[in-house]
Amino acid sequence: LAKTTQPISMDSYEGQEVNITCSHNNIATNDYITWYQQFPSQGPRFIIQGYKTKVTNEVASLFIPADRKSSTLSLPRVSLSDTAVYYCLVGSSASKIIFGSGTRLSIRP
Amino acid sequence: EAQVTQNPRYLITVTGKKLTVTCSQNMNHEYMSWYRQDPGLGLRQIYYSMNVEVTDKGDVPEGYKVSRKEKRNFPLILESPSPNQTSLYFCASSLDPSGIRNEQFFGPGTRLTVL
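Residues numbered from 1 in each chain as written. Chains lettered and ligands numbered in written order. Predicted model: local features only at pLDDT ≥ 70, side-chain atom pairs only at ≥ 80, totals over all residues. Heavy atoms only, no water.

### Looking at the overall build of chain B
(1) Moving on: Counting its regular elements, chain B contains 0 helices and 11 strands.
(2) Moving on: Helices and strands appear in chain B in the N-to-C order β-β-β-β-β-β-β-β-β-β-β.
(3) Moving on: Its C-alpha atoms give chain B a radius of gyration of 13 Å, within 12% of the compact-globule value 13 Å for 115 residues.
(4) Moving on: Principal axes of the C-alpha set define a box for chain B whose edges measure 35 × 30 × 30 Å.
(5) Moving on: Burial statistics for chain B: of 115 residues in total, 51% are counted as buried.
(6) Moving on: Measuring between centres, the 13 positive side-chain charges of chain B sit 6 Å from its 11 negative side-chain charges. (Helix = DSSP H or I, 4+ residues; strand = E, 2+ residues; numbered from the N terminus. Rg over C-alpha atoms; globule rule 2.2 N^0.38 Å. Buried < 20%, exposed > 50% of the residue type's maximum accessible area, 1.4 Å probe, protein only. Lys, Arg positive; Asp, Glu negative; His and termini not counted. Charge placed at Lys NZ, Arg CZ, Asp CG, Glu CD.)

Here you go:
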């Protein structure tokens with residue numbers, strides 16, 4: 001699985017757009033990029049998955065440049081309830097899925 | 001309701017006393033996995049299963065056993081628990097056997113303390 005690098009923490013304010021970037025320089029051709037959200041003492045929850053270009057769903061957008069060596073999770077108009085840890089995963093097989101330490105996002109009023 | 005259930009949710013035990021944490025999913029998923037989460041270390045995969053009778057080691061398998069005799073169940077067994085296995089444990093399942101080409105659904109977690 002490709003190693004990923006994310007910022008340890010980020011702060012923002014309610015109503016702002018938040019972008020969290022994940023670096024995955026050694027991503028393989030078949031690898032997908034997946035983002036999860038985790039609240040304290042709860043299991044992670046799937047947010048979005050993509051392979052290339054842009055993917056959008058009802059909660060987020062995922063931007064993937066042509067070289068696929070990074071990806072950006074975009075959360076529009078965040079609220080206090082978006083305070084959580086966000087994990088970026090990259091891979092295409094079941095072997096040793098690694099969540100890493102994630103990005104701790106704090107939203108202030 | 002589609003869900004992954006774990007039992008027990010909380011457990012305090014003593015060193016060496018065998019225990020089993022059960023995991024069950026009602027979504028007919030092929031893939032199931034166990035993770036442990038410790039402060040500052042994120043989630044680390046213990047074991048995973050791509051189908052019935054098919055299991056494999058994750059990142060931190062030492063001290064754990066699993067079995068997949070039925071599609072819906074994937075119990076985690078600690079034959080001789082030790083204090084370093086005190087952790088928060090999550091079970092997850094996914095429709096795709098790879099566990100990564102589709103979303104994983106996580107259970108509510110089991111907080112284990114080994115004294």
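More follows now that the structure is in view.
### Structural notes on the confidence of the model for chain A
(1) Moving on: In this model, chain A carries a mean pLDDT of 92, and residues with pLDDT of at least 70 account for 96%.
(2) Moving on: Mean pLDDT in chain A bottoms out at strand S8 (residues 84–91) of chain A, which sits at 92, and peaks at strand S6 (residues 61–64) of chain A, which reaches 98. (pLDDT = per-residue confidence, 0-100.)

### Focus on the nonpolar core
(1) Moving on: Core analysis: the biggest nonpolar cluster contains 21 residues, and Val-18, Ile-33, Trp-35, Ile-47, Leu-73, Leu-75 and Tyr-86 of chain A have the highest contact counts within it.
(2) Moving on: Within the residue set of this core, elements represented by two or more residues are strand S2 (18–23), strand S3 (32–38), strand S4 (45–50), S6, strand S7 (70–75), S8 and strand S9 (103–108) of chain A.
(3) Moving on: Looking at this core element by element, the count peaks at 4 residues for S8 of chain A.
(4) Moving on: Beyond its immediate stretch of four places on either side in the chain, Tyr-86 of chain A contacts Gln-6, Ile-20, Trp-35, Tyr-36, Gln-37, Ile-47, Leu-73, Leu-75, Gly-102, Thr-103 and Leu-105 of chain A.
(5) Moving on: Counting residues in each nonpolar core, the second largest holds 19 residues, with Met-27, Met-32, Phe-74 and Cys-91 of chain B among its members. (Core = buried A, V, L, I, M, F, W, Y, C linked by side-chain atoms within 4.5 Å. Contact = heavy atoms within 4.5 Å.)

### Let's talk about the sheet that holds strand S1 (residues 9–13) of chain A
All names here are of chain A.
(1) Moving on: The sheet built from 5 strands is open, its strands ordered S1-S9-S8-S3-S4 with mixed pairing. Each edge of the open sheet carries a strand with a single partner, namely S1 and S4. Looking at each pair of strands side by side, their axes are set apart by 25° on average, direction ignored.
(2) Moving on: Looking at chain direction, S1 and S9 are connected through 5 bridges and run parallel. Each residue of the ladder has a partner; that of Ser-9, found in S9, is Arg-104. (Pairing = 2+ DSSP bridges. Axes fitted to C-alpha atoms, helices over the stretch in contact; angles between N-to-C directions.)

### As for the environment of Val-114 of chain B
(1) Moving on: Within the fold, Val-114 of chain B resides in strand S11 (residues 110–114).
(2) Moving on: Excluding residues within four positions of it along the chain, Val-114 of chain B makes contact with Thr-13, Val-14, Thr-15, Pro-81, Ser-82, Pro-83, Gln-85 and Thr-86 of chain B.

### Concerning the sheet that holds S2 of chain A
Residue and element names in this part refer to chain A.
(1) Moving on: Across the sheet, 4 strands lie side by side as S2-S7-S6-S5; this open sheet has antiparallel pairing. Looking along the sheet, the strands with just one partner apiece sit at the ends: S2 and strand S5 (53–56). Averaged over all neighbouring strand pairs, the angle between strand axes comes to 15°, with direction disregarded.
(2) Moving on: Both S5 and S6 contribute to a ladder of 4 bridges, which runs antiparallel. By the bridge assignment, Val-55 is partnered in S6 with Leu-62.

### Section: the environment of Thr-5 of chain B
Residue and element names in this part refer to chain B.
(1) Moving on: Within the fold, Thr-5 resides in strand S1 (residues 4–7).
(2) Moving on: For Thr-5, a relative accessible area of 30% puts it in the partly exposed group.
(3) Moving on: Between the C-alpha atom of Thr-5 and that of Ala-92, which follows or precedes it by 87 residues, the distance is 9.2 Å.
(4) Moving on: Once residues within four sequence positions are removed from consideration, Thr-5 is found in contact with Thr-22, Cys-23, Ser-24 and Pro-108.

### A word on the interface of chain B and chain A
(1) Moving on: Taken residue by residue, the interface counts 27 residues in chain B and 23 residues in chain A.
(2) Moving on: For the pair chain B and chain A, the two sides together bury roughly 1800 Å², of which 56% comes from carbon and sulfur.
(3) Moving on: When the buried area of chain B at its contact with chain A is split by residue, Leu-43, Ile-100 and Arg-101 of chain B rank highest and sum to 34% of it.
(4) Moving on: Inspection of the chain B/chain A interface yields 0 salt bridges.
(5) Moving on: The tally of links between chain B and chain A comes to 4 residue pairs in polar contact (both at pLDDT 80 or more).
(6) Moving on: Looking at the side of chain B that touches chain A, the elements with two or more residues in it are strand S4 (31–38), strand S5 (42–51), strand S9 (87–94) and strand S10 (104–106) of chain B.
(7) Moving on: Here the side of chain B that touches chain A gets 5 residues from one element, more than from any other, and that element is S5 of chain B.
(8) Moving on: Looking at the side of chain B that touches chain A, its residues break down into 12 nonpolar, 10 polar and 5 charged. (Buried area = accessible area lost by both parts, 1.4 Å probe. Salt bridge = Lys/Arg side-chain N within 4 Å of Asp/Glu carboxyl O. Polar contact = N/O pair within 3.5 Å; in protein donor to acceptor, adjacent residues only side chain to side chain. Nonpolar A, V, L, I, M, F, W, Y, C, P; charged D, E, K, R; others polar.)

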